[in-house]
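Overview (structure and organization)
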Amino acid sequence: MTRFFLKHRGLAMGIATLAMCLCYATDVNSAPNTTPNKPTTTATAADSADLMEAATDTVSSLDAEEITPEESGGFHRVLKQKFVEGGASFMSFVAIALVLGLAFCIERIIYLSLSEIDAKKFMKEIDAKIEAGDIEGAKTQCRETRGPVASICYQGLLRIDTSIEDIERSVAAYGTVQAANLEKGCSWITLFIAMAPSLGFLGTVIGMVMAFEQIQLAGDINPTIVAAGMKVALITTIFGIIVALILQLFYNYILSKVDHLTSQMEESAITLLDSILKYKK
């Protein structure tokens, strides 16, 4: 009922006004047409004005209580408002750091996810083929399998006719290359993690400078002037820290996947060398 009244408050105000006018007209017509009735007419008009003012106050209070929260918007509106209050031109640099950092994070997560395989099952199959003397079959399986584990196994099988020391050096060298490929792009993520709070702190300094400039122009320390500059400073700092925290979470997840793949490569390399030693004997 309240929402209906709010949506049609113009119509409700009109009906209320018309009703009060009718009441006023009825009172006037029903009263005797004598001079002493003039104070009564004045009092009735004053009462009607009071009723009109009370109705207006009711609508205003309901409007402030229920319409304002509805029109205030959701989280994205608040975020947009704070972004603009922090200085859109400067906050854009913080937003760019977030977007670029997330782009590198997503690329690394996809690459590392595609590089993961069931290493134990794969090495069992390779060991069985090497033990059976099917070296070409083992090479084919390594070529058809994605990921760094299959790549280092293929490099070891290519040099199976050489000494075990040469095979070990080849596997270790190629494993270093694969580990570097896994960490490719992580340096950019760390850069954006460091840049985000630095941009926020830079915004703090700029906000303070703005506040002192406004104080100098005004010639007086006005709390409103100081609060405006401090607000810009605090908002940019908050956004910079939030961006750094988000990127740090993704970066730690990426490092955990890199460590997992690196341990898989080391275990697979040891298993491959053991299988080749058995084959050579």
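Below you will find a few notes about this structure. What you see is a predicted model, and the numbers here were worked out from it, not measured in a lab.

This part is about the packing of helix 8 (residues 148–158) against helix 9 (residues 164–182). For any two helices packed against each other, one specifies the crossing angle of their axes together with the interaxial distance. In contact at an axis separation of 9 Å, helix 8 and helix 9 are set at 155 degrees when each is read in the N-to-C sense. Relative to helix 9, the element helix 8 lies roughly antiparallel. Every pair of crossing elements has a handedness; the one defined by helix 8 and helix 9 is right-handed. Judged by residue contacts, Pro148, Ser151, Ile152, Gln155 and Gly156 of helix 8 engage Ile167, Ser170, Val171, Tyr174, Gly175, Gln178 and Leu182 from helix 9. Of the residues belonging to the contact of helix 8 with helix 9, the class tally is 6 nonpolar, 6 polar and no charged.

Turning next to a nonpolar patch on the surface. Judged by side-chain polarity, Leu234, Ile238, Ile242, Ile246 and Phe250 come together as a nonpolar surface patch covering roughly 420 Å² of accessible area. Tracing the backbone shows Ile238 in helix 11 (residues 223–280). On the basis of relative accessibility, which here comes to 48%, the residue Ile238 falls in the partly exposed class.

With that out of the way, let us pick up helix 8. By the criterion of burial, helix 8 is predominantly enclosed, with 8 of the 11 residues buried. Here helix 8 has its buried residues at Pro148, Val149, Ala150, Ile152, Cys153, Gln155, Gly156 and Leu157.

For the rest of this paragraph, the subject is the side chain of Ser170. Structurally, the position occupied by Ser170 is in helix 9. With a relative accessible area of 13%, Ser170 lands in the buried category. Among the polar contacts made by the side chain of Ser170, one reaches the side chain of Arg159 at a distance of 3.3 Å. Residues within four places of Ser170 in sequence aside, it is in contact with Gln155 and Arg159.

Criteria and thresholds
Residues numbered from 1 in each chain as written. Predicted model: local features only at pLDDT ≥ 70, side-chain atom pairs only at ≥ 80, totals over all residues. Heavy atoms only, no water. Axes fitted to C-alpha atoms, helices over the stretch in contact; angles between N-to-C directions. Helix = DSSP H or I, 4+ residues; strand = E, 2+ residues; numbered from the N terminus. Parallel < 35°, antiparallel > 145°, perpendicular 65-115°, else oblique. Left-handed = near helix turned anticlockwise from the far one by under 90°. Contact = heavy atoms within 4.5 Å. Nonpolar A, V, L, I, M, F, W, Y, C, P; charged D, E, K, R; others polar. Patch = residues over 30% accessible without salt bridge, like charges linked within 9 Å, V, L, I, M, F, W, Y side chains within 5 Å. Areas by Shrake-Rupley, 256 points an atom, 1.4 Å probe, with all protein chains shown as cover. Salt bridge = Lys/Arg side-chain N within 4 Å of Asp/Glu carboxyl O. Buried < 20%, exposed > 50% of the residue type's maximum accessible area, 1.4 Å probe, protein only. Polar contact = N/O pair within 3.5 Å; in protein donor to acceptor, adjacent residues only side chain to side chain.

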